[in-house]
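The lines below spell out each chain.
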Amino acid sequence: MGKWWWPVLRVLVLQAAWALVGGQVRYSVPEEAKAGTVVGRLAQDLGLEAGEAEARRLRLVSQGRRASVEVSGASGALVVSSRLDREELCGKSAPCALRLEVLVERPLRVFHVELEITDINDNAPLFPVKEETFTIAELSVPGSRFPLEGASDADIGANAQLSYTLSSTEHFRLDHQVNNDQSASLALVLTKPLDRETLSLHRLVLTASDGGRPSLTGTMELVISVLDVNDNAPEFNQSVYKVKVLEGSELGVLLMTLSATDLDDGINSDILYLFSRRVPAEVKEMFTIDGKKGEIRLQGKLDYEEKDVYEITVEATDRGSPPLSGHCKVLVEVLDVNDNAPEVWVTSLSVPVPEDALVGTVVALLSVSDRDSGANGRVRCAVWPAAPFGLVSTFAGSYSLVLREALDRERVSEYEVEVRAEDGGSPSLRGRRGVRVPVSDVNDNAPAFAQAVYTVLARENNAAGAELARLWARDPDEADNGRVRYSVWEGSVGGGSSAGAGWRPASSYVSVDAESGRLWALQPLDYEEVQVLQFEVRAVDAGEPPLCGNATVQLFVLDENDNAPALLPAGSGGPGPGLSGEAALGPGSGALLAWAAWGAPAGQVVAKIRAVDADSGYNAWLRYELWEPRGKGPFRVGLYSGEVSTARALEEADGPRQRLVIVVRDHGEPARSATATLSVSLVEGTEAALAAAGSSSSPGARLRPAEGGPAATGAAATTNVWLVVAICAVSSLFLLAVVLYGASRWAPRAGVLSGPGPATLVCASEVGSWSYSQRQSRSLCVADGAGKSDLMVFSPNFPPPPGPAAKETQPEPPALVDTVSGPPCLASRPFPGAPSCFSPVFLTNLCIPVWTGSVTVSGLF
């Protein structure tokens, strides 16, 4: 800096000298000189001596404004006292000179000093504003000018000469022109069309540079806003929007928010969203769109099964003039929810199903559907109950209900089948359909009776047309297949005199009602004619072909006491030991004759009354009573044997003849009886023996008149010989009987009178009567006369024991009669009140020789 100050000082000195010469002192000082800078040697230039300036009080006189310079009192030099700013003191005036007055005393003198302040480049160009903003239309054409206000520089001269530059831009250039009058114009020129959508705001820097050394600069920022024109339509960020939503979603749920942009500005970019006019009404009813926000919300009930995809065209329209619009497509995909249960439909039903239908028969065709999709629409089907029907899948969604097992209408006549369907959703939904399958009847069941064997008890002398029993056969089939008709199948007639009279069909005795199965008697039954009637009743249904079932009916005729005892004539065979005589019919009369020896001891059997009753059981059990004479007579009658024996020793006082009236009664209710008159002649012992022997040898010899006489005496002598012979014969027979008895005791027992038959339980009726099945009877009679089936044996009718041994082990028949002593019918008691199920043995009218009080039966051959 010192290099260029020295020339300045030289100039100042020269000027001071020149001022002294002209009477005025002039100084020059650059602005912004530092305080204390010596402007000039004022005292010396004014011609004052050294030291005189202080003594004469050299000073500046103020003229109302600050001079920024002062006189140094010691040296008298003019120095800078404060900052000198030319622009502040003079502004744009040039040159800038300050006129100062200097006073000196002793004497008082005034000097004029002119101080010129020279300009330095201390001020940079200055724009009126730091930033200038203006708007240029987007449609402005290139070459358009936009005036600018230039910068100003407080300096003068070359320091104030400005030049302008513009920051780099392709759209603008700077036009700076200096006129002749030193005025300048500054303008911004458009060189390239503007596009607000490309660049809506241009920021440029305008720089002004002065001519000083060094040059100073000033800047201003130009902010150029491009005024929009509606030349851009709104555009969506996607041409197709896709959104997925579950069916059944809540109303008002936000599906998506559309976003469209408009490169324009202002109202030209204000976008309104709306559905296109081509959108169907159903879509508008289902969805709504917010015009400002572009939010699409659900306002209807979504159902995947009705529609699974919605296509919506949306417009975005700006508010420019004319308005421009953009379009997009929104695809709303409805996702399936498992909200539909499977549905089962019966498309074809073939009912009723015959019970003999083959396995695999198609009963029904079913259609199964689920309106859902995917796993929610995959359906599994099953049938309940699992038998006898099953499901067979024919193709997708179709099933056949087929028969898996044989049917039996009698067991189940109708099936309630339920077809169950379940989808694969989570949670799964179920559907069901009931199918009623009736089973039609086929005649596959024969009528069946409740029992294989019916035991019917009927009393004899029943009325013709009386109902004996009611049979019933069950046929589980229905209609004609189960309508049963009954008929009697011929059987056999057992017992009674009819066996010798030839076979008679059972239908001659009984008949069965074809509809009701009631068993009727066609005629009164006679126990003495038929005792057991066994036949079959057949039940036939009305099916095609007809089936039948049989039942065996065993009709037991129960005896009624309808026969009185009948006296039998004397049979052949002599009396046993001690027998004095046997009752015999007298010629031409109904009286019985017998002989008794005088002096016969008590208990001597003199005769035997024989009677028979055509009835059976109790009704045929006879008892003998002495009716006359009453009181203590010489004779008595065995109660059940009919033997007439002496009650005491016979005496002559008893007379030659005794007349006995004997009543034979049965045990029936009411009891029936017969009367026998016995005339007993009392003779000598030899005569009695001969009479007995004669009667034994010849039946005709026993017919004697009831009166005594010489003829009787002669006959007695003749019969003595025969009496001896008879005794020997009887003794021989007795020995033979003893031998046979001994042999039978050690020999194996023969079969019983009746072996066990097929197991058929026979029980008595509630009134205490009894019945039997598989009856076999034997006749046992010791004496003359026709045999009578009074010894009857019934096989017990008990079921065999369980287990395999039941077939191999046969029950051993019990010894029905081991010892018979006293009255007959001791093995069992066939009378009312007897046990319900038993094996009765009837022993009636057992003819026993007079010398035997009991008989032991060891075996039956």
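Residues numbered from 1 in each chain as written. Predicted model: local features only at pLDDT ≥ 70, side-chain atom pairs only at ≥ 80, totals over all residues. Heavy atoms only, no water.

What to know about the packing of aromatic side chains
Taken as a whole and assessed by the stated rule, the structure comprises ten aromatic pairs. Between phenylalanine 127 and tyrosine 164, the aromatic rings sit 6.0 Å apart at their centres with planes inclined by 55°, giving tilted as the arrangement. Taken together, the residues span a long stretch of sequence, with phenylalanine 127 in the loop between strand S7 (109-118) and strand S8 (131-137) and tyrosine 164 in strand S10 (residues 163-166) at a distance of 37 residues. Side by side, phenylalanine 127 and tyrosine 164 carry an identical accessibility label, which is buried. Measuring from ring centre to ring centre gives 6.1 Å for phenylalanine 449 and tyrosine 454, while their planes differ by 80°; the resulting arrangement is edge-to-face. Like phenylalanine 449, the residue tyrosine 454 is buried in the burial classification. (Phe/Tyr/Trp six-rings, centres within 6.5 Å; stacked < 30°, edge-to-face > 60°. Helix = DSSP H or I, 4+ residues; strand = E, 2+ residues; numbered from the N terminus. Buried < 20%, exposed > 50% of the residue type's maximum accessible area, 1.4 Å probe, protein only.)

Overview of the environment of serine 152
Locating serine 152 in the fold gives a position in the loop between strand S9 (145-148) and S10. The spatial distance from the C-alpha of serine 152 to the C-alpha of aspartate 210 is 9.4 Å, given a sequence separation of 58 residues.

A few points about a nonpolar patch on the surface
Side chains of Val346, Leu349 and Val351 sit close together on the surface and give an oily, nonpolar patch of about 190 Å² of accessible area. Given the relative accessible area of 34%, valine 351 is considered partly exposed. (Patch = residues over 30% accessible without salt bridge, like charges linked within 9 Å, V, L, I, M, F, W, Y side chains within 5 Å. Areas by Shrake-Rupley, 256 points an atom, 1.4 Å probe, with all protein chains shown as cover. Salt bridge = Lys/Arg side-chain N within 4 Å of Asp/Glu carboxyl O.)

Concerning the state of the cysteines
Under the criterion given, the structure shown has one disulfide. Between cysteine 90 and cysteine 96 runs a disulfide, and the two sulfur atoms are separated by 1.5 Å. The chirality of the disulfide connecting cysteine 90 with cysteine 96 is right-handed, given an S-S dihedral of about 65°. Look at cysteine 96 and you get buried, because its relative accessible area is 2%. (Disulfide = S-S within 2.5 Å.)

Focus: the confidence of the model for the chain
When pLDDT is averaged along the chain, the result is 77; 74% of the residues meet or exceed 70. Below a pLDDT of 50 lies the segment residues 497-501, which in the model reaches four contacts outside its immediate sequence neighbourhood of four places, other chains included. (pLDDT = per-residue confidence, 0-100. Contact = heavy atoms within 4.5 Å.)

Considering unusual backbone geometry
Between arginine 213 and proline 214 the backbone carries a cis peptide bond, its omega angle lying at -5°. Looking at the secondary structure, you find proline 214 in the loop between strand S13 (201-209) and strand S14 (217-227). Although it is not a glycine, asparagine 461 adopts a positive phi angle of roughly 65°. Its place among the elements puts asparagine 461 in the loop between strand S33 (453-459) and strand S34 (467-470). For asparagine 461, a relative accessible area of 46% gives the class partly exposed. Located in the positive-phi region is alanine 479, a residue other than glycine, with phi close to 55°. Within the secondary structure, alanine 479 is located in the loop between strand S35 (473-474) and strand S36 (484-494). Its relative accessible area of 58% is what places alanine 479 among the exposed residues.

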